[in-house]
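These are the residues of each chain, in order.
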Amino acid sequence: MVKLKIAVVHNKTEHTLQITAELLEKLVAAGHTIDQRNPELVISVGGDGTLLSAFHLYSHKLDQVRFIGVHTGHLGFYTDWRDYELDDLIELLSTRKDESVSYPLLDVRITYRNGKPTKHFLSLNESIVKRTDSTMVADIYIRDELFERFRGDGLSVSTPTGSTAYNKSIGGAVLHPRINAIQLAEIASLNNRVFRTLGSPMVIASHEWIELRMQDSAECLVTVDQFQLQQEEIKSIFYRIAEEKIQFASYRHTHFWRRVRDAFIGEIEE
Ligand code: NAP
Ligand code: MN
């Protein structure tokens, strides 16, 4: 029997708390150890947002940790298991050798105007930079070459697994998570006879990088997944595919496009 060191991360809804208690009890009964500090496996209980939180809690140990998501609501994108399937899940954890799939992450580096040290983040979904009070002006460089001068509300850079989140809401493409790429999408770009942007989302290859050089000194709002960074005067943001990857324990396979259909389309009458 496989014995694992397991951490559990959950949200605070009443239903989740109940499922979490049940899960912990069953894991211990199956001989696994609950280890919140040095787990081999992190189980998130809640929604996709809960898995994002779990990722950020353990993002410094990505080479040692695999993730698995239990959804207490509808099925999510990072959450393969439903709350009524705990017994099946534990059975597989205890009997199967660990198989995992890994997906790309976004590497974010922010440099500031005031000479503050560069900040570095890993993102599982996306990073958004935007201005709410005035037009954001940023020069977009791809591989150190100026591509366009963007004017508009902002820009989003997303991972393949993040492509179904915020990226999709602003007209970005849904990418299969096996594609090792990142996507740049516009938020309300200004396009007229004077100002010109490409106007469509762009998918950047793995050997490329994107740099946004802010063209004025107004403060910008930057997000990394569910986090909002403090607004500051940003000089530039550098985006590329991270060297690190996130590993998901894959005890069973959910066909990606079926998941997309279930989440966004629903039943089709033939
Ligand atoms: P939230 O406000 O609960 O998230 C908004 C919705 O996005 C929730 O239904 C969430 O699922 C879902 N979601 C998260 N990651 C997803 C993914 N990779 N693919 C498809 N759906 C996904 O906030 P949150 O739970 O902390 O998640 C933060 C993420 O929400 C951000 O990274 C951003 O992508 C997304 N978001 C989107 C919009 C928008 O589309 N306008 C606005 C705000 C935030 P669960 O209910 O299962 O958590
Ligand atoms: Mn959520």
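Everything below is about the structure shown above.
Residues numbered from 1 in each chain as written. Chains lettered and ligands numbered in written order. Predicted model: local features only at pLDDT ≥ 70, side-chain atom pairs only at ≥ 80, totals over all residues. Heavy atoms only, no water.

Asks: Sorry, what's going on with the pattern of salt bridges here?
Replies: Side chains that carry opposite charge are capable of pairing whenever their charged atoms lie near each other. Evaluation of the coordinates by the stated rule reveals 11 salt bridges. A salt bridge links Glu 232 to Lys 116; the nearest nitrogen and oxygen atoms lie 2.7 Å apart. Note that Glu 232 is positioned in the loop between β15 (227-228) and β16 (234-249) and Lys 116 in the loop between β6 (100-112) and β7 (119-123), a separation of 116 residues in sequence. Since its relative accessible area comes to 11%, Glu 232 is described here as buried. Lys 116 gets classed as partly exposed once you look at its relative accessible area, which sits at 31%. Salt-bridge contacts for Arg 131 lead to Asp 216; the nearest nitrogen and oxygen are separated by 2.9 Å. (Salt bridge = Lys/Arg side-chain N within 4 Å of Asp/Glu carboxyl O. Helix = DSSP H or I, 4+ residues; strand = E, 2+ residues; numbered from the N terminus. Buried < 20%, exposed > 50% of the residue type's maximum accessible area, 1.4 Å probe, protein only.)

Asks: When you look at the packing of aromatic side chains in this model, what are you seeing that I'm missing?
Replies: By convention here, two paired aromatic rings are described through the distance between centres and the angle between planes. Following the criterion strictly, the structure yields four aromatic pairs and no others. Note on Tyr 103 and Phe 248: the rings are 5.7 Å apart at their centroids and 45° apart in plane angle, and the pair reads as tilted. Remark: Phe 248 occurs in strand β16 and Tyr 103 occurs in strand β6; sequence separation between them is 145 residues. For Phe 248, a relative accessible area of 8% gives the class buried. Each ring, one from Phe 256 and one from Trp 257, has its centre 4.8 Å from the other, and the planes form 70°; the classification is edge-to-face. Within the aromatic cluster, the residues linked to one another by ring pairs are Tyr 78, Tyr 103 and Phe 248. (Phe/Tyr/Trp six-rings, centres within 6.5 Å; stacked < 30°, edge-to-face > 60°.)

Asks: I would appreciate a short explanation of the site of ligand 1 in the present structure.
Replies: Surveying the vicinity of ligand 1 reveals 16 residues, the closest of which are Asp 48, Gly 49, Glu 126, Thr 164 and Ser 169. At 2.4 Å from an oxygen atom of ligand 1 is found a side-chain nitrogen or oxygen belonging to Glu 126. Take Ser 169: an N or O atom from its side chain is 2.4 Å from an oxygen atom of ligand 1. Those elements that place two or more of their residues in the shell around ligand 1 are α2 (48-57) and α4 (166-169). Broken down by element, the residue count for the shell around ligand 1 peaks at three residues, all from α2. Of the residues assigned to the shell around ligand 1, the class counts are five nonpolar, eight polar and three charged. Mapping the shell around ligand 1 onto the domain boundaries places at least three of its residues in each of domain 1 (5-99 + 250-264) and domain 2 (105-243). (Near = heavy atom within 4 Å. Polar contact = N/O pair within 3.5 Å; in protein donor to acceptor, adjacent residues only side chain to side chain. Nonpolar A, V, L, I, M, F, W, Y, C, P; charged D, E, K, R; others polar. Domains from an automatic or database assignment.)

Asks: Explanation requested: helix α3 (residues 86-95) in the structure shown.
Replies: Each α-helix winds once per 3.6 residues, and so residues spaced three or four apart point in a common direction. Three or more residues of α3 are buried, namely Leu 86, Leu 89, Ile 90, Leu 92, Leu 93 and Ser 94. Lining the buried residues of α3 we find β1 (5-10), α1 (14-29), β3 (41-46), β4 (66-71) and β5 (81-82). (Contact = heavy atoms within 4.5 Å.)

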